[in-house]
Amino acid sequence: MTRLIFLGPPGAGKGTQAKQLSKSCEVPHISTGDILRAAVKAKTELGQKAEGYMNAGELVPDELILNLIRERLNQADTAKGWLLDGFPRNVEQAEFLNNLLDEIEQSCDFIINLEVPDDALVERMLERGRVDDKEEVIRNRLEVYREQTEPLIAFYEGQQLLRSVDGAQSMKQVTEALQEIVTCDAVV
Ligand code: ADP
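Being a predicted model, the structure only gives us computed values, none of them experimental. (Residues numbered from 1 in each chain as written. Predicted model: local features only at pLDDT ≥ 70, side-chain atom pairs only at ≥ 80, totals over all residues. Heavy atoms only, no water.)

Topic: the overall build of the protein
Consideration 1: Counting secondary structure elements, the protein contains nine helices and five strands.
Consideration 2: Reading the protein from its N terminus to its C terminus gives the helix and strand order β-α-β-α-α-α-β-α-β-α-α-α-β-α.
Consideration 3: The C-alpha radius of gyration computed for the protein amounts to 16 Å, which stays within 12% of the reference 16 Å derived for 188 residues, consistent with globular compactness.
Consideration 4: Principal-axis analysis of the C-alpha atoms gives the protein an extent of 40 × 35 × 30 Å.
Consideration 5: Across the 188 residues in the protein, those meeting the buried criterion constitute 47%.
Consideration 6: Counting only contacts in the protein whose residues sit at least 6 apart along the sequence, the fraction spanning at least 24 positions is 75%.
Consideration 7: The centroid of the 21 positive side-chain charges in the protein is displaced by 6 Å from the centroid of its 33 negative side-chain charges. (Helix = DSSP H or I, 4+ residues; strand = E, 2+ residues; numbered from the N terminus. Rg over C-alpha atoms; globule rule 2.2 N^0.38 Å. Buried < 20%, exposed > 50% of the residue type's maximum accessible area, 1.4 Å probe, protein only. Contact = heavy atoms within 4.5 Å. Lys, Arg positive; Asp, Glu negative; His and termini not counted. Charge placed at Lys NZ, Arg CZ, Asp CG, Glu CD.)

Laid out in structure tokens, this is it:
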């Protein structure tokens, strides 16, 4: 059983590492960014509402995200664990998640904080070249992260579940550091 929340600035490698761990620990990788991008692509109502915020590097409103997470964590495949990537992203979302986990009688094992210096983040995102990876939008996403998401580090430190990992290491080294924390036995 593995239940993890990935914290860390945009471009820190949360998605890449969560995908790896999702395979090795055999639990679903739940990325709100991926879910939203799929909704934008499919032009669903959610996608149409979210697109403008995403392209500007702003958080989409909580009301679009909270029910989506409630429904996702009630699906059968999450009974054996989950990796949350991109949620929670502000204190309201973190409080919602705490309540939801109480309600469904689950608890998170660890909150992984992937730490990467700003210079490296910008460089990585510019290389990636997603629609929202333009320099100005990147700057805004980093600002939004500092203002709204970074306070979650203190929020979770209080619960003693926070584990910080140096995300500036090579991808393989980061994966190894994460494996050590979660100690799920399957091989990557
Ligand atoms: P990154 O971590 O590189 O910023 P994500 O794929 O996690 O990329 O998120 C991309 C965009 O999707 C965010 O900038 C934001 O607009 C939206 N988004 C993703 N998750 C959330 C969330 N939990 N709450 C609000 N907006 C979100």
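That shown, we press on.
Quick word on the sheet that holds strand β5 (residues 162–166)
Two modes of strand pairing occur in sheets, parallel and antiparallel, and in both the strands are linked by backbone hydrogen bonds.
Consideration 1: Pairing in this open sheet of five strands is parallel, and the strands run β2-β3-β1-β4-β5 from one edge to the other. Bordering the open sheet on either side are β2 (29–31) and β5, each of which pairs with just one other strand. Pairwise comparison of adjacent strand axes, ignoring direction, gives a mean angle of 25° for this sheet. (Pairing = 2+ DSSP bridges. Axes fitted to C-alpha atoms, helices over the stretch in contact; angles between N-to-C directions.)

A few points about unusual backbone geometry
Consideration 1: Here the bond from F87 into P88 is cis, since omega is 0°, no more than 30 degrees from zero.
Consideration 2: As for its placement among the helices and strands, P88 is situated in the loop between β3 (81–85) and α5 (91–103).
Consideration 3: Positive phi, normally seen in glycine, also occurs at K43, with a value near 55°.
Consideration 4: Structurally, K43 is set in the loop between α2 (32–41) and α3 (45–56).
Consideration 5: The class of K43 is exposed, set by a relative accessible area of 63%.
Consideration 6: The phi dihedral of Q160 falls on the positive side, at around 60°, and the residue is not glycine.
Consideration 7: If you trace the backbone, Q160 turns up in the loop between α8 (151–157) and β5.

A few points about the environment of D62
Consideration 1: Residue position: D62 is located in helix α4 (residues 62–72).
Consideration 2: The spatial distance from the C-alpha of D62 to the C-alpha of F96 is 10.0 Å, given a sequence separation of 34 residues.
Consideration 3: For D62, the contacting residues outside a window of four places in its chain are N90, E92 and Q93.

Observations concerning the site of the ligand
Consideration 1: Residues in close proximity to the ligand total 20 residues, the closest being T32, R37, E58, G86 and R141.
Consideration 2: With respect to the ligand, the backbone of V60 contributes an N or O atom lying 3.0 Å from a nitrogen atom.
Consideration 3: Bound to the protein, the ligand loses 97% of the 550 Å² it would expose on its own.
Consideration 4: The dominant element in the shell around the ligand, judged by the number of residues it contributes, is α2, at four residues.
Consideration 5: Each residue belonging to the shell around the ligand can be placed in one class, and the counts come to seven nonpolar, five polar and eight charged. (Near = heavy atom within 4 Å. Polar contact = N/O pair within 3.5 Å; in protein donor to acceptor, adjacent residues only side chain to side chain. Areas by Shrake-Rupley, 256 points an atom, 1.4 Å probe, with all protein chains shown as cover. Nonpolar A, V, L, I, M, F, W, Y, C, P; charged D, E, K, R; others polar.)

Section: the UniProt feature "binding site: ATP" (unreviewed entry) in the protein
Consideration 1: Here the UniProt-annotated "binding site: ATP" (unreviewed entry) positions come out as G11, A12, G13, K14, G15, T16, R128 and Q169. As for the annotated residues, the ones lining the largest pocket are G11, A12, G13, K14, G15, T16, R128 and Q169.
Consideration 2: Tracing the backbone shows G15 in helix α1 (residues 14–25).
Consideration 3: Setting aside residues no more than four positions away along its own chain, G15 makes contact with H29 and D85.
Consideration 4: With respect to the helices and strands, the residue Q169 is situated in the loop between β5 and α9 (171–182).
Consideration 5: On the basis of relative accessible area, Q169 is assigned to the partly exposed category, the value being 27%.
Consideration 6: Polar contacts involving the side chain of Q169 include one to the main-chain carbonyl oxygen of D166, which spans 2.9 Å. (UniProt positions renumbered as here; feature names shortened; annotations may be inferred. 1 Å grid on protein atoms, 1.4 Å probe; cavity = no way out; pocket = protein on both sides within 12 Å on 5 of 7 lines; lining within 4 Å.)

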